[in-house]
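Observations on the three-dimensional arrangement
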Amino acid sequence: MNAKNDSAFPTYKGKPLVRCGDVIYYGSMKDKYVVKLEIKSKKKVQDLEVADRVTIQLMYTDANNRSRKQIVKSSEKNGLYLAMDIADAWLSRALAE
């Protein structure tokens, strides 16, 4: 670990990525928003299993919000790369407000 980034998590564009099974959280729980990416289906590419359908949800991190009110935006994309690009755009805009 270096002094600048004390997080043990991998990052994407400077924000932490936390994975649990087929669910990836992008962003810091200390911020107002975080993005939840859920891999809904996978496909085989040669010998590798890759994400096919991914749902994206921009969510409030405030635990006091009821679960339905936590979700700000939601979408579904084909492939993890496209989903991550959308997630980064949504999170960056939301945190800039």
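Residues numbered from 1 in each chain as written. Predicted model: local features only at pLDDT ≥ 70, side-chain atom pairs only at ≥ 80, totals over all residues. Heavy atoms only, no water.

Right, let's get into the environment of Y12. Here Y12 shows up in strand β1 (residues 11-12). Separated by 61 residues in sequence, Y12 and K73 place their C-alpha atoms 20 Å apart. Here D85 takes part through its side chain, which lies 3.2 Å from a polar atom of the side chain of Y12. (Helix = DSSP H or I, 4+ residues; strand = E, 2+ residues; numbered from the N terminus. Polar contact = N/O pair within 3.5 Å; in protein donor to acceptor, adjacent residues only side chain to side chain.)

This part is about helix α2 (residues 80-96). The terminal C-alpha atoms of α2, which comprises 17 residues, lie 24 Å apart, in line with the 24 Å expected from a rise of 1.5 Å per residue. When α2 is considered as a whole, its buried residues turn out to be A83, M84, A87, D88, W90, L91 and A94. (Expected span 1.5 Å × (residues − 1). Buried < 20%, exposed > 50% of the residue type's maximum accessible area, 1.4 Å probe, protein only.)

With that settled, the discussion passes to the side chain of T55. Inspection of the secondary structure assignment puts T55 in strand β5 (residues 48-60). With near-sequence residues (within four places) excluded, T55 lies in contact with K36, L37, E38, K40, S75 and E76. (Contact = heavy atoms within 4.5 Å.)

A word on the environment of S75. Counting through the fold element by element, S75 comes out in strand β6 (residues 71-78). When the C-alpha positions of S75 and L58 are compared, they lie 9.2 Å apart, and in sequence the two are 17 residues distant. Apart from residues no more than four positions distant in its own chain, S75 is found in contact with V54, T55, I56 and W90.

Of all residues in the protein, 92% attain a pLDDT of 70 or more, and the chain-wide mean is 89. By mean pLDDT, helix α1 (residues 67-70) is the weakest element of the protein at 76, and strand β3 (residues 23-26) is the strongest at 96. Throughout residues 1-6 the model reports pLDDT below 50, and contacts reaching past four residues in sequence, or to other chains, amount to three contacts. (pLDDT = per-residue confidence, 0-100.)

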